[in-house]
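Listed here are the chains, written in short residue letters.
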Amino acid sequence: MNAIPSRIAMGEATAIHDPATLEGMPAPGPERVNILVVDDLPEKHLVFRSILEELGQNIVSAYSGREALRCVLEDEFAVILLDVNMPDMDGFETADLIRKYKKTNQTPIVFVTAYVDEVQAVRGYALGAVDYISAPVVPEILRSKVKVFVDLNLMTRELRHQAQAREALARAEAARGAAEAATRRADLLATASQILSRSLDMEATLAGLLGFAAPGLADCALVAVQDERGQLARVKLAEECGAAPPAGAVEGAIEPVDLGETVTRALTLRETLRLSGPLRFQGLPADTPALQPVYEVMVFPMYVGERAFGALLLGVSTPRSFDTAEMALAKEVVSRAVIALENASLYAAIQDADRRKNEFLAMLAHELRNPLAPIRNAVHVLQRGGANEKNVTWCSEVIGRQVDHLATLVDDLLDVSRIARGKVVVNRDPLRLSEVIDHAVETSRPMLEKRRHHLVVQMPREEVAFDGDLVRLAQVLSNLLNNAAKFTPAGGHITLDAAAADGVLRLSVKDNGMGIEPQLLPHVFDLFTQGDQTLDRSEGGLGIGLTLVKHLVELHGGRIEAQSAGRGQGAEFVIYLPEVRVAQAVAPEAVLRQPESPTRDLLRVMVVDDVPASSESLCKLLELEGHRVAVAGDGLGALEMASAFRPDVIVLDIGLPGKNGFEVAAELRASGNFADTLLVALSGYGGSEDRERGAKAGFNHYLVKPADIATLLSIIGTHAALKQISERSLSGGMRPSASA
């Protein structure tokens with residue numbers, strides 16, 4: 001580290017003793033002054049010029065009072081020789097007007113007259129005359145009197161020039177002192193910038209700031225850093241960076257001052273605080289060395305971005321105060337330090353984001369390989385001749401479970417992508433709390449039963465109604481239940497508690513599992529954040545479930561909080577949803593029961609997909625259900641086959657060659673021949689805009705690949721049941737009921 005100069009005293013100026021600044025200038029020539037002769041007779045001017053010529057000065061002639069006034073306004077005169085008796089305006093009137101000008105009110109006036117009585121003398125002296133000369137003049141007398149005024153004027157000019165030279169010298173010295181002070185200040189700031197920009201590490205930046213601040217700005221310096229809760233987290237002293245402790249001891253009564261409160265006040269006011277002492281700071285973190293007392297302290301608040309980072313404190317150990325120049329310099333250093341800290345913070349954030357991205361890619365590879373391995377094993381079992389009924393059943397179960405797991409991973413990733421792009425829109429439909437919780441519990445029941453958890457659901461006595469998206473809210477609760485099940489040892493206890501008060505619904509999912517460590521708690525809702533970072537990753541997952549939960553809750557106008565007492569102490573997630581209504585329990589709506597077993601050979605089903613593996617496997621499943629199945633591989637072929645096959649159900653892919661699925665569906669509906677045909681979209685495009693476009697094209701249902709087979713078969717089975725009811729009603733001479 002370069003040596004840092006002592007504190008700069010900005011008000012001091014250095015005297016200029018170098019005469020070289022005056023060397024090289026040409027010496028001025030003999031200066032000539034002006035003598036004004038005012039007389040209306042030309043011959044008198046000739047006499048005065050001949051007499052005064054020996055003085056070697058400028059003789060100016062004026063032949064009237066008006067001309068004399070013009071001359072005195074244009075030039076400066078050492079003396080004015082003024083004739084008393086002149087036509088139009090005599091000498092007294094001219095003198096009176098000359099004295100009224102500020103420029104000439106001190107110019108010597110000598111009256112020239114042939115006769116001087118007492119009255120004229122009094123009047124002349126009253127007008128500021130310095131002397132009278134009788135005409136005809138005596139050359140020696142006139143010359144000697146005028147010379148006195150010439151010499152006096154020359155002396156006055158010399159004194160004036162000397163005063164101007166001294167003033168110019170003083171200005172030059174002041175300018176040089178200011179320039180030197182500005183140079184020293186610029187050098188100090190350049191040194192500070194160099195020190196602060198050496199590293200993008202936060203600790204190295206703080207160390208550089210403190211190493212420069214003491215003794216560059218003050219006798220002692222420290223940085224007090226706050227945590228995210230606004231509490232004093234730690235204190236970093238300049239002594240840690242090699243600065244010597246303040247010399248001398250502070251004398252007098254020492255006032256104790258709380259450091260944390262001082263820093264908080266400076267950050268709240270966003271202003272520099274000046275504290276006069278002697279004083280000593282107290283309320284320091286446990287690992288902080290004792291601070292020496294000081295006479296005065298300046299507290300500079302520091303905001304890194306929008307975060308209240310802390311403050312830089314500068315103190316002096318001698319009974320003096322910081323001057324204006326020191327304050328300005330310190331503020332500039334603090335502003336540059338804040339920029340350096342912001343750069344360090346941004347760099348750390350980028351590094352953290354890059355680390356989390358790499359961890360996420362590793363987690364994604366891990367989670368995708370896990371289900372692919374058993375699928376591949378099941379395929380090998382079938383290929384090696386193990387296609388007996390027991391092995392086929394086992395393989396189908398393995399493949400089904402793993403495909404469901406893969407579909408869940410893909411759905412979560414797509415949800416995160418849509419939320420990041422602002423594409424997720426929640427539907428606000430009237431809901432009952434009971435149906436939301438039923439859907440969530442039913443979705444999470446397999447995991448809860450697999451890990452033998454004991455789930456307790458506590459519902460309010462009254463039915464709670466509100467507007468929201470049933471699917472998304474059920475997803476929120478099921479994610480929280482799955483999360484609790486995942487991080488709770490087998491046989492644990494999980495509680496889902498619901499309560500409503502003052503128009504706010506409180507939903508709590510609490511477990512007695514692994515808990516959340518304090519350093520992780522503020523970040524549990526961040527994308528790709530997980531507590532389990534070990535290689536085995538026994539709990540699995542991509543670390544995006546809680547991020548989805550938070551965004552979906554906020555889309556409903558609510559908020560979510562995470563609470564935990566620490567590792568092994570369990571965790572609780574609490575959701576608050578506004579604008580709920582409490583009413584009496586509503587009787588459950590009548591539900592149309594489906595047939596216990598599928599009806600065989602009821603429907604003609606056409607499958608349209610350009611991927612043979614997808615169409616063939618779906619065709620095989622539908623045939624096992626007893627349906628007649630036809631397959632088309634593109635949009636134009638689908639239109640031709642539909643006219644010949646006359647299907648009851650069309651399972652239609654969207655991304656088809658020729659005509660896409662939307663266009664095919666729209667043409668089928670527009671023809672009028674397929675008004676009663678059930679159109680089911682089965683596509684890899686699952687965005688809200690795709691669903692809306694599908695509804696406009698005439699689809700009855702929109703499923704996303706890989707679709708849940710049970711859901712697809714249920715949709716087709718329901719259509720078959722309704723078709724049978726309709727046919728029976730018509731064959732018996734009855735019209736189908738509205739509920740059908």
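Since the model is a prediction, treat every value here as computed from it, not as a measurement.

**Overview of the side chain of Gln57**
Topologically, Gln57 is positioned in the loop between helix H1 (42-52) and strand S2 (58-62). A polar side-chain atom of Gln57 sits 2.7 Å from the main-chain amide nitrogen of Val33. Only 3.1 Å separates the side chain of Gln57 from the backbone oxygen of Leu55, close enough to count as a polar contact. Residues contacting Gln57, with those up to four places away along its chain left out, are Glu31, Arg32, Val33, Ile35 and Val150.

**Brief notes about the packing of aromatic side chains**
Any aromatic ring pair is given by two values, namely how distant the centres are and how the planes are angled relative to each other. Throughout the structure, instances matching the rule amount to three aromatic pairs. Put simply, the rings of Phe92, Phe111 and Tyr132 touch in pairs and so form one group of aromatic residues. Seen from the ring of Phe322, Arg320 lies directly overhead, with NZ or CZ sitting 5.5 Å from the centre. Over the ring of Phe674 we find Arg646, and its NZ or CZ is 5.0 Å from the ring centre.

**A look at the pairing of strand S6 (residues 220-226)**
S6 sits mainly inside the fold: seven of its seven residues count as buried. Burial along S6 is two-sided: the residues Cys220, Leu222, Ala224 and Gln226 and Ala221, Val223 and Val225 are all buried. Note that S6 and strand S11 (residues 307-316) share six bridges and pair antiparallel. Paired with Val223 across the bridge in S11 is Leu312.

**Considering the sheet that holds strand S8 (residues 255-258)**
As summarised here, the arrangement of the six strands in space is S7-S6-S11-S10-S9-S8, forming an open sheet in which the pairing is mixed. Either end of the sheet is taken by a strand with one partner, and the two such strands are strand S7 (232-237) and S8. Between one strand and the next, the sheet's axes are offset by a mean angle of 45°, whatever the strand orientation. In terms of strand pairing, S6 meets S7 through five bridges, oriented antiparallel. Across the sheet, residue Val223 finds its bridge partner in S7, namely Lys236. Contacts from helix H6 (residues 202-216) reach S6, S7, strand S10 (294-304) and S11 within the one sheet, and its direction differs from that of S6 by about 150°. Packing of helix H7 (residues 259-269) onto the sheet brings it into contact with S6, S7, S8, strand S9 (273-282), S10 and S11, and relative to S9 it is tilted by some 155°.

**Points about the packing of helix H11 (residues 470-486) against helix H12 (residues 545-555)**
Between H11 and H12, the shortest axis-to-axis distance is 9 Å and the interhelical angle comes to 145°. Of the two elements, H11 crosses H12, and the hand of that crossing is left-handed. Contact residues: Arg472, Gln475, Val476, Asn479, Leu480 and Asn483 in H11; Gly545, Leu546, Leu548, Val549, Leu552 and Val553 in H12. Grouping the constituent residues of the contact of H11 with H12 by class yields seven nonpolar, four polar and one charged.

**Considerations on the environment of Ala498**
Relative to the helices and strands, Ala498 resides in strand S15 (residues 493-501). When its relative accessible area of 5% is taken as the criterion, Ala498 is described as buried.

**Some details on the packing of helix H15 (residues 661-671) against helix H16 (residues 688-697)**
The geometry of H15 relative to H16 is characterised by a closest axis approach of 8 Å and an angle of 25° between their N-to-C directions. One element, H15, and the other, H16, form an angle in the roughly parallel class. Together, Phe662, Ala665, Ala666 and Arg669 of H15 and Asp690, Arg693, Gly694 and Ala697 of H16 make up the contact between the two elements. In terms of residue class, the contact of H15 with H16 is made up of four nonpolar, one polar and three charged.

**Concerning the confidence of the model for the protein chain**
Summary statistics for the protein chain give a mean pLDDT of 80 and a share of 84% for residues scoring 70 or more. Within the model, pLDDT remains below 50 along residues 1-27, and this stretch shows 40 contacts once partners closer than five positions in the same chain are excluded.

**Examining the pattern of salt bridges**
Between side chains of opposite charge, a pair can form when the charged atoms approach closely. The full count for this structure, using the stated rule, is 22 salt bridges. Two residues, Arg432 and Glu463, come together in a salt bridge whose shortest N-O distance is 4.0 Å. Of this pair, Arg432 sits in strand S12 (residues 429-432) while Glu463 sits in strand S14 (residues 463-468), and the two are 31 residues apart along the sequence. A salt bridge links Arg559 to Glu561; the nearest nitrogen and oxygen atoms lie 2.4 Å apart. Assessed through its relative accessible area of 43%, Arg559 is described here as partly exposed. Note on Glu561: relative accessible area 29%, which makes it partly exposed. If you follow the salt bridges from partner to partner, you end up with Glu67, Arg70 and Glu74 in one network.

**Quick word on H6**
Between its first and last C-alpha, H6 extends 21 Å over 15 residues, near the 21 Å set by a 1.5 Å rise per residue. Of the residues making up H6, those classed as buried are Thr205, Leu206, Gly208, Leu209, Leu210, Gly211, Phe212, Ala213, Ala214 and Gly216.

**Let's talk about the sheet that holds strand S16 (residues 504-511)**
Spatially, S13-S15-S16-S18-S17 is the arrangement adopted by the five strands of the open sheet, whose pairing is mixed. Lying at the two open borders of the sheet, with one neighbouring strand each, are strand S13 (454-458) and strand S17 (559-563). If you compare each strand with its neighbour and ignore which way they point, the axes differ by 10° on average. The pairing of S16 with strand S18 (residues 571-578) spans eight bridges and is antiparallel. Bridge pairing in S18 links Lys510 to Glu572.

**Focus: the pairing of S8**
Sheet analysis places S8 next to S9, joined by four bridges and oriented parallel. Paired with Glu255 across the two strands is Leu279, which belongs to S9. Between S8 and its parallel partner S9, the chain crosses via H7, and the hand of that crossover is right-handed.

**Details of the side chain of Asn483**
Among the secondary structure elements, Asn483 is positioned in helix H11. With a relative accessible area of 17%, Asn483 lands in the buried category. Apart from residues lying up to four places away in sequence, Asn483 is in contact with Leu546 and Phe573.

**Describing helix H3 (residues 91-100)**
The periodicity of an α-helix, 3.6 residues per turn, causes residues three or four positions apart to be oriented the same way. All of the buried residues along H3 are Gly91, Phe92, Thr94, Ala95, Ile98 and Arg99. Down the axis of H3, the buried set is contained in an arc of 160°. They therefore lie on one face. Where H3 is buried, its residues touch helix H2 (65-74), strand S3 (79-83), strand S4 (109-113), helix H4 (118-126) and strand S5 (129-134). Where H3 starts, the residue carrying a side-chain oxygen 3.2 Å from the main-chain nitrogen of Phe92 turns out to be Asp90.

**Things to note about unusual backbone geometry**
Pro215 follows Ala214 through a cis peptide bond whose omega is 15°. Its place among the elements puts Pro215 in helix H6. Look at Asp88: it is not a glycine, yet its phi comes out positive at around 65°. For Asp88, a relative accessible area of 84% corresponds to the exposed category. The backbone of Arg452 sits at a positive phi, close to 55°, despite the residue not being glycine. Inspection of the secondary structure puts Arg452 in the loop between helix H10 (433-450) and S13. On the basis of relative accessible area, Arg452 is assigned to the exposed category, the value being 58%.

**Thoughts on the environment of Arg99**
On the secondary structure map, Arg99 appears in helix H3. In this structure Arg99 touches Thr104, Asn105, Gln106, Thr107, Pro108, Ile109, Leu127 and Gly128, once residues within four positions along its chain are discounted. Only 2.8 Å separates the side chain of Arg99 from the backbone oxygen of Thr107, close enough to count as a polar contact.

What counts as what
Residues numbered from 1 in each chain as written. Predicted model: local features only at pLDDT ≥ 70, side-chain atom pairs only at ≥ 80, totals over all residues. Heavy atoms only, no water. Helix = DSSP H or I, 4+ residues; strand = E, 2+ residues; numbered from the N terminus. Polar contact = N/O pair within 3.5 Å; in protein donor to acceptor, adjacent residues only side chain to side chain. Contact = heavy atoms within 4.5 Å. Phe/Tyr/Trp six-rings, centres within 6.5 Å; stacked < 30°, edge-to-face > 60°. Lys NZ or Arg CZ within 6 Å of the ring centre and 35° of its normal. Buried < 20%, exposed > 50% of the residue type's maximum accessible area, 1.4 Å probe, protein only. Pairing = 2+ DSSP bridges. Axes fitted to C-alpha atoms, helices over the stretch in contact; angles between N-to-C directions. Left-handed = near helix turned anticlockwise from the far one by under 90°. Nonpolar A, V, L, I, M, F, W, Y, C, P; charged D, E, K, R; others polar. Parallel < 35°, antiparallel > 145°, perpendicular 65-115°, else oblique. pLDDT = per-residue confidence, 0-100. Salt bridge = Lys/Arg side-chain N within 4 Å of Asp/Glu carboxyl O. Expected span 1.5 Å × (residues − 1). Right-handed = clockwise from strand over helix to strand, strands pointing away. Arc of directions from axis to C-beta.

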